[in-house]
Amino acid sequence: MRQPRAVKRVYIPKAGDKKKLRPLGIPVILDRCHQARVRNALEPEWEARFEARSYGFRPGRSCQDAVSAIYQTCKGSRARRVWALDADLAAAFDRIDHAHLLQAIGGFPASGMIAEWLKAGVFEPGKGFAPTEEGTPQGGVISPLLLNVALHGLEEAAGVRYVTAGAQAGDTKASSPVLVRYADDLVVLCRSQEQAQQIKARLTEWLGPRGLAFNEDKTKIVHLSQGFDFLGFNVRRYDRKLLIKPGKAAIRRVRERLAAEMRTLRGGNAMAVIAKLNPIIRGWAAYYRGVVSSRLFDSLDAYMWKLLYKWSAWSHPNKPKDWIVGRYFGKHNKFRNDRWVFGAPGTSAYVTKFAWTGIVRHVMVKGAASPDDPALAEYWAERRTKVKPPLDRYTLRLLTRQNARCPLCGDHLLTAEQPPESPQAWERWWLQLARRAISADHLTHHGEPGSPDDDQTRLVHASCHRGHLARQRRKPALQPATP
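Since the model is a prediction, treat every value here as computed from it, not as a measurement.

### Quick word on the overall build of the protein chain
For step 1, the next point in the chain: Along the backbone of the protein chain there are 16 helices and 13 strands.
For step 2, the next point in the chain: Within the protein chain, buried positions represent 44% of all 483 residues.
For step 3, the next point in the chain: Summarising the internal contacts of the protein chain: among those between residues at least 6 apart in sequence, 65% fall at separations of at least 24.
For step 4, the next point in the chain: On the protein chain, roughly 26,300 Å² of surface is accessible, and the fraction owed to carbon and sulfur atoms is 52%.

Right, dumping it as structure tokens:
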């Protein structure tokens, strides 16, 4: 899925204009703040209306939820929905019809501001100013929400029908198709090829007034025995057994990136290699840890070993193999009985392995549950305990002991509202975690001096930790009492 390009709107001074200009970044930041404010007001209203199987850019939902929905629908030898309409919308962010979108928003108080953002136009260096007659603000904070609003109603247009009463209320009817959507990527699971063709024709007619259309090059109707790729995963039935694996294109991209990074690291030291590779490996493994990935992880570890040995041999061309192996490879991870771990000599740092990330089945979000619903506060609190982040056992043990809350502010340390949505997002999550960024999603160890297992050790928000230290510095020192 293509992400919207980030294009900044700037002020172009006229000739002879002596007006003192603010830095270009200030208007952009203010504009993003206003969009975030409007999104926070508009999102809860639409979260109560969105379809149950719409997962893209919504709080509490992720790519793993969309993949799990496909698995729950097509698993088992008795599954009847064995045909899939694998569809992609052509330039969805750029072609949304403004009139239809504003009509869907209706009487929302900030609809005037949204209309101005839609009509504002863009300025690109080297191309000049261009008006925007269609589409959403490029790179805007509110753009993903506007796309979901524009695409609301796809399930009804596809003919999806739910059971409304009884013990199976909320389940799709036996003859109904199942539509799973993530932003502008969607899959319709059907009982026959004819049903898939009919649904494609209905959706094409429904998308027309909204300014949207299918990308015919990427839209196809396939049988599950042939398989299809969705959000970087490959979905396919093998002898009536459904298996979801990382897609071949995703595997090729991570291999090419690892090889490219190792080439750029030639001339650097082992610490630079470890600092560069660990976030990539951990992020990719964290994204694909919920599907059938064990053998692939082992294969990537073998490929990574070859790259690391090649880098070591290139760094020391006059040294024998035994010397290279003895210098860089060994049991650097004391918790693993593995003597082929790449590490930096004289330090405890080492390159992690894909296979060290355990396979954990994703806990799919329940129906149309929204984090904004006060009646579901207990459900979301329980979900935070079920969705285990890819952290070490020691940190997970501390999270469990603290009920996943910061002892300084009382808020949740790791929120389940917006999990990372791609291997690159997981990689950034790891980088920010290591750097202790100011964010509610990142942890820092804090406690009295002592052993790591001391009861004084706790997990707090990095921002809370800094504020706590600042308050301590501001306290006046106690003066000694005079007789």
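### What about the packing of helix 11 (residues 294-315) against helix 12 (residues 321-328)?
For step 1, the next point in the chain: It is at 10 Å that the axes of helix 11 and helix 12 come closest, and there the two elements cross at 115°. Once helix 11 is placed against helix 12, the crossing between them reads as right-handed. Every residue of helix 12 that contacts helix 11 at Tyr309, Trp311, Ser312 and Ala313 is listed here: Lys321, Ile324, Val325 and Tyr328.
For step 2, the next point in the chain: Considered class by class, the residues forming the contact of helix 11 with helix 12 number six nonpolar, one polar and one charged.

### Section: the sheet that holds strand 1 (residues 83-88)
For step 1, the next point in the chain: With antiparallel pairing, the four strands of this open sheet are ordered in space as 4-5-1-6. In the strand order of this sheet, the two ends are held by strand 4 (178-182) and strand 6 (220-223), each with one partner. Strand-to-strand, the axes of this sheet are offset by a mean angle of 20°, without reference to chain direction.
For step 2, the next point in the chain: Sheet analysis places strand 1 next to strand 6, joined by four bridges and oriented antiparallel. Counted as the bridge partner of Ala84 is Val222 from strand 6.

### Examining the pairing of strand 8 (residues 233-238)
For step 1, the next point in the chain: Strand direction decides the pairing type here: strand 7 (residues 228-230) and strand 8, joined by three bridges, are antiparallel. Bridging from a neighbouring strand, Phe228 pairs with Val235 of strand 8.
For step 2, the next point in the chain: In this antiparallel pair of consecutive strands, strand 7 and strand 8, the connection spans two residues, and Leu231 shows a positive phi of 60°.
For step 3, the next point in the chain: One ladder, built from six bridges, connects strand 8 with strand 9 (residues 241-246); its direction is antiparallel. Paired with Arg237 across the bridge in strand 9 is Leu242.

### Some details on the nonpolar core
For step 1, the next point in the chain: Judged by nonpolar contacts, the single largest core of 114 residues is most densely connected at Ile114, Leu203, Met262, Trp284, Leu308 and Phe342.
For step 2, the next point in the chain: Take this core: its biggest share by element is 10 residues, from helix 10 (residues 270-287).
For step 3, the next point in the chain: Discounting residues that sit within four places of it in the chain, Trp284 has contacts with Pro246, Ala250, Ile251, Val254, Leu296, Phe297, Leu300, Phe354 and Pro423.

### Some thoughts on the confidence of the model for the protein chain
For step 1, the next point in the chain: When pLDDT is averaged along the protein chain, the result is 82, and 85% of the positions lie at 70 or above.
For step 2, the next point in the chain: When the criterion is pLDDT under 50, residues 1-24 qualifies, and its contacts beyond four places in sequence or with other chains add up to 41 contacts.
For step 3, the next point in the chain: Under a pLDDT of 50 for its full length, residues 435-442 has, in the predicted model, 26 contacts with residues more than four places off or in other chains.

### A word on the pattern of salt bridges
For step 1, the next point in the chain: Applying the stated criterion across every chain, the model contains seven salt bridges.
For step 2, the next point in the chain: Where Arg257 meets Glu261, a salt bridge forms, and the shortest distance between an N and an O atom there is 3.8 Å. Note that Arg257 and Glu261 are positioned in helix 9 (residues 248-264) at a spacing of four residues, about one turn of the helix.
For step 3, the next point in the chain: The exposure class of Arg257 is partly exposed, given its relative accessible area of 29%.
For step 4, the next point in the chain: Take Glu261: its relative accessible area is 15%, and that puts it in the buried class.
For step 5, the next point in the chain: Close ionic contact of Glu427 with Arg257 constitutes a salt bridge, the shortest N to O distance being 2.7 Å. Highlighted residues: Glu427 in helix 15 (residues 423-435) and Arg257 in helix 9, separated in sequence by 170 residues.
For step 6, the next point in the chain: Judged by relative accessible area, which is 12%, Glu427 ranks as buried.
For step 7, the next point in the chain: One network of salt bridges, with partners in common, ties together Arg257, Glu261 and Glu427.

### Regarding the environment of Thr347
For step 1, the next point in the chain: The topology assignment puts Thr347 in the loop between strand 11 (341-342) and helix 13 (377-386).
For step 2, the next point in the chain: The partly exposed category is assigned to Thr347, whose relative accessible area is 38%.
For step 3, the next point in the chain: The sequence separation of Thr347 and Met271 amounts to 76 residues, and the corresponding C-alpha distance is 8.9 Å.
For step 4, the next point in the chain: Within polar-contact distance, the side chain of Thr347 engages the backbone oxygen of Ala344 at 2.9 Å.

The rules behind each value
Within each chain, residues carry numbers counting from 1 in the order of the written sequence. Where local features are concerned, this predicted model is filtered to residues with pLDDT of at least 70; where side-chain atom pairs are given and counted, the filter is 80 or more; whole-chain, interface and lining totals use all residues. The side-chain values count all of the structure's non-hydrogen atoms but skip hydrogen atoms and water molecules. Every helix listed is a DSSP run of H or I at least four residues long, and every strand listed is a run of E at least two residues long, numbered separately from the N terminus. Only protein chains enter the accessibility calculation, which uses a 1.4 Å probe; a residue whose area is less than 20% of its type maximum is buried, one above 50% is exposed, and one in between is partly exposed. It only takes one pair of heavy atoms within 4.5 Å for two residues to be counted as in contact. Exposure was quantified through the Shrake-Rupley algorithm and a 1.4 Å probe, taking into account, for residues, occlusion by the shown protein chains and nothing else. To obtain each axis, a line is fitted to C-alpha atoms, and for helices this fit is confined to the stretch in contact; angles are then taken between N-to-C directions over 0 to 180 degrees. For any pair of crossing helices, the crossing counts as left-handed if the nearer helix is rotated counterclockwise from the farther one by less than a right angle, and right-handed if it is rotated clockwise. Charged residues are taken to be Asp, Glu, Lys and Arg, nonpolar residues to be Ala, Val, Leu, Ile, Met, Phe, Trp, Tyr, Cys and Pro, and polar residues to be all remaining types, Gly included. For two strands to pair, DSSP has to find at least two bridges joining them. By convention a nonpolar core is built from buried Ala, Val, Leu, Ile, Met, Phe, Trp, Tyr and Cys residues, the set being connected through side-chain atoms within 4.5 Å. Confidence of the predictor at the level of single residues is captured by pLDDT, which takes values from 0 to 100. Salt bridge, as applied in this entry: a Lys or Arg side-chain nitrogen positioned within 4 Å of an Asp or Glu carboxyl oxygen. The definition of a polar contact used here is a pair of N or O atoms within 3.5 Å, where within protein one atom must be able to donate a hydrogen and the other to accept one, and adjacent residues in sequence count solely through side-chain atom pairs.

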